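Here are the chains, one letter per residue:
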Amino acid sequence: MLFNRLVSSAATSSSRRSLFSFSSSTKTPAAAAIGTNAAGEKTYSFAFAPEDFDTHNFNALPSTSTPATKAELLDLYLQMQRIRRLETASDQLYKSKLIRGFCHLSTGQEAIAAGMEASITKKDSIITAYRCHGFALGRGASATGVIAELMGRTAGTSKGKGGSMHIFGPEFYGGNGIVGAQVPLGAGVALAHKYRGIPAMCFSLYGDGAANQGQVFEAYNMAKLWNLPVVFGCENNLYGMGTAAGRAAASTKYFTRGDYIPGIRVNGMDVLAVKEACRVAREYSIANGPLVMEFVTYRYGGHSMSDPGTTYRSREEIQNMRSTRDCINGLKNRILEAGVATEEELKALDKAARVEMDQAVEESKASPEPALEVLNEDIYAPGSYNPAEVRGCEPKYL
Ligand SMILES: Cc1ncc(C[n+]2csc(CCOP(=O)(O)OP(=O)(O)O)c2C)c(N)n1
Ligand SMILES: [Mg+2]
């Protein structure tokens, strides 16, 4: 299967060349108009390649094609483009030293955040690690909220006191810096949904590197014991920092590693495949309990801003991924081939995303840094208390 080869190809440098030999690329079967939906809108049908999905003990399979309206397709395109522009703006701000500290960009991986958000409701939850900017945007944070947070300004989602790895919002539980730590927290969020009797679920996301942590398996166990509505989602971008997945994992079939929990692997570079798989996963988890999901994806940049990203993989590999599997180009090709929209309409969306981010950068620059006196606020629940001293520092004496 495509992804088996993709993942095992990251195991050793000698076999890595097979990464470039896939038949699957951003070229996809042309779509045909199939009629109108209940709202009277024209719908198009898009077929998936057989290798877009793989499953482990899972019978509620994703469909082999998906219907989509023009509005849905353009929205997916816009959301991915917004994330890419957001990350590009962050990259520039970091290089001009207006963003400091840790900063991990998700350029290349946008289809996961966009496809997932399109398949869930605002009552469902997401929790992830530090590569979180796109998810925050999708959940409803404003671009200024995210960028100002990265810059440590009061207009940020955490009032400028959290930074890149600590962005939160309604049903978005971060932004977490400790590798793997968010996975059991996600099971806890799902427990809350179940306890309250709310028909909602939680996507608990982690990387291929984090997938090897013990606490991930402890979370699987409890989630299955209690049949929690959680989808454990592994964003397999083939590397944990500079370590190829196969060098750190005895099995890179992350979707099978829940053992007694069913699993789905999906082409994480195809936003429609992600959306379809997440739709199925959401419904399954609410009705039956946990599921393990693997999104096979690729980050174009380094692990973080301090990593050039080219010492443990070749420039050729990165370039090849960009030119053959890019999620934005992939959807663009589908839209144009099916005659859903024109190149000009897509360019207008590109421009809208660029203008939005330019404005957000200006607003963030104009926002002040938080005052030293408020550094001890917002640590505990609102209305509880503000500690007089934080790790040996008293804010009033700073
Ligand atoms: C407990 C812990 N150990 C080590 C680190 C340092 N660290 C940060 S990210 C990372 C690699 C994680 O890789 P992966 O889970 O694949 O996520 P990706 O960065 O690829 O999104 C490591 C080792 C950390 N933050 N926390
Ligand atoms: Mg990784």
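A quick note: this is a predicted structure, and the numbers were derived from the prediction, not measured.

Notes on the packing of helix α2 (residues 70-95) against helix α11 (residues 327-337)
The axes of two packed helices give the description: the angle between them and the distance between them.
Argument step 1. Closest axis-to-axis distance for the α2/α11 pair is 10 Å, and the angle between their directions is 155 degrees. Judged by the inter-axis angle, α2 sits roughly antiparallel to α11. Once α2 is placed against α11, the crossing between them reads as left-handed. Contacts between α2 and α11 pair Leu73, Leu76, Tyr77, Met80, Gln81 and Arg84 from the former with Cys327, Ile328, Leu331, Lys332 and Ile335 from the latter.
Argument step 2. Considering only residue class, the contact of α2 with α11 consists of eight nonpolar, one polar and two charged.

With respect to helix α6 (residues 182-196)
Argument step 1. Here α6 contains 15 residues, and its C-alpha end-to-end distance of 21 Å stays within 8% of the 21 Å for a straight helix at 1.5 Å per residue.
Argument step 2. Structurally, α6 contributes buried residues whose contacts are with β5 (125-127), β6 (202-207), α7 (214-225) and β7 (230-236).
Argument step 3. Where α6 terminates, the next one or two residues include Gly197, which has phi positive at roughly 70 degrees.

What about the site of ligand 1?
Argument step 1. Neighbouring ligand 1 are 15 residues; Val179, Gly207, Gly209, Ala210 and Gly240 lie closest to it.
Argument step 2. For the shell around ligand 1, the secondary-structure elements that each account for two or more residues are β6 and β8 (239-240).
Argument step 3. Here the shell around ligand 1 is built from residues that sort into six nonpolar, six polar and three charged.

Let's talk about the nonpolar core
Argument step 1. Judged by nonpolar contacts, the single largest core of 101 residues is most densely connected at Met80, Val274, Ala277 and Met293.
Argument step 2. Counting residues per element, this core draws most heavily on helix α9 (residues 271-288), at nine residues.
Argument step 3. In contact with Ala277, not counting residues within four places along its chain, are Phe53, Pro62, Ile264, Val266 and Met293.

Observations regarding the environment of Cys393
Argument step 1. Relative to the elements of secondary structure, Cys393 occurs in the segment after α12 (343-366).
Argument step 2. Given 12 C-beta atoms within 10 Å, Cys393 falls into the exposed group.
Argument step 3. The spatial distance from the C-alpha of Cys393 to the C-alpha of Tyr173 is 27 Å, given a sequence separation of 220 residues.

Considerations on the sheet that holds strand β3 (residues 53-56)
Argument step 1. Here we have six strands laid out as an open sheet, ordered β3-β10-β11-β7-β6-β5, and mixed in their pairing. At either margin of the open sheet sits one strand with a lone partner, and together these are β3 and β5. Between one strand axis and the next, the sheet turns by 20 degrees as a mean value, whatever way the strands run.
Argument step 2. Both strand β10 (residues 263-267) and strand β11 (residues 291-296) contribute to a ladder of five bridges, which runs parallel. Looking across to β11, one finds that Ile264 is bridged to Met293.

Concerning the UniProt feature "domain: Dehydrogenase E1 component" (unreviewed entry) in the protein
Argument step 1. Residues annotated by UniProt as "domain: Dehydrogenase E1 component" (unreviewed entry) correspond here to residues 79-372.
Argument step 2. Helix makes up 47% of residues 79-372 and strand 11%, whereas the separation of the span's terminal C-alpha atoms amounts to 36 Å.

With respect to the domain arrangement of the protein
Argument step 1. Domain parsing of the protein yields domain 1 (2-7 + 50-366) and domain 2 (368-398).
Argument step 2. The C-alpha-based centres of domain 1 and domain 2 are spaced at 32 Å.
Argument step 3. If you look at the interface, domain 1 gives six residues, while domain 2 gives five residues.
Argument step 4. Looking at the side of domain 1 that touches domain 2, its residues break down into no nonpolar, three polar and three charged.

Calculation notes
Position numbers for residues start from 1 in each chain and track the written sequence from start to end. The naming scheme follows written order: chains are lettered A onward, ligands numbered 1 onward. Whole-chain, interface and lining totals are the exception, using all residues; otherwise, since this is a predicted model, local features are given only for residues with pLDDT of at least 70 and side-chain atom pairs are given and counted only at 80 or more. Inter-axis angles, ranging from 0 to 180 degrees, are taken between N-to-C directions of lines fitted to C-alpha atoms, where helices are fitted over the stretch in contact. Secondary structure counts use DSSP, requiring at least four H or I residues in a row for a helix and at least two E residues in a row for a strand, with both numbered from the N terminus. Just so you know how the angles are binned, under 35 degrees is roughly parallel, over 145 roughly antiparallel, 65 to 115 roughly perpendicular, and the rest oblique. Take the far helix as your reference; a near helix turned counterclockwise from it by less than a right angle gives a left-handed crossing, and one turned clockwise gives a right-handed crossing. Here, residues touch in the contact sense if the C-beta positions derived from the backbone fall within 7 Å of one another. Following the grouping adopted for this structure description, the nonpolar residues are Ala, Val, Leu, Ile, Met, Phe, Trp, Tyr, Cys and Pro, the charged ones are Asp, Glu, Lys and Arg, and the polar ones are all others, Gly among them. To estimate the expected span of a helix, subtract one from its residue number and multiply by 1.5 Å. What makes a residue near a molecule or strand is its C-beta atom, placed from the backbone, lying within 6 Å of it. Any set of buried Ala, Val, Leu, Ile, Met, Phe, Trp, Tyr and Cys residues joined through C-beta atoms within 7 Å is what this text calls a nonpolar core. With C-beta atoms placed from the backbone, a residue counts as buried when 20 or more other C-beta atoms lie within 10 Å of its own, as exposed when 12 or fewer do, and as partly exposed for counts between those limits. By the convention used here, strands pair only if DSSP detects at least 2 bridges between them. UniProt positions are given in the numbering used here, feature names are shortened, and annotations may be inferred rather than shown by experiment. All the domain ranges listed were derived from an automatic or database domain assignment.

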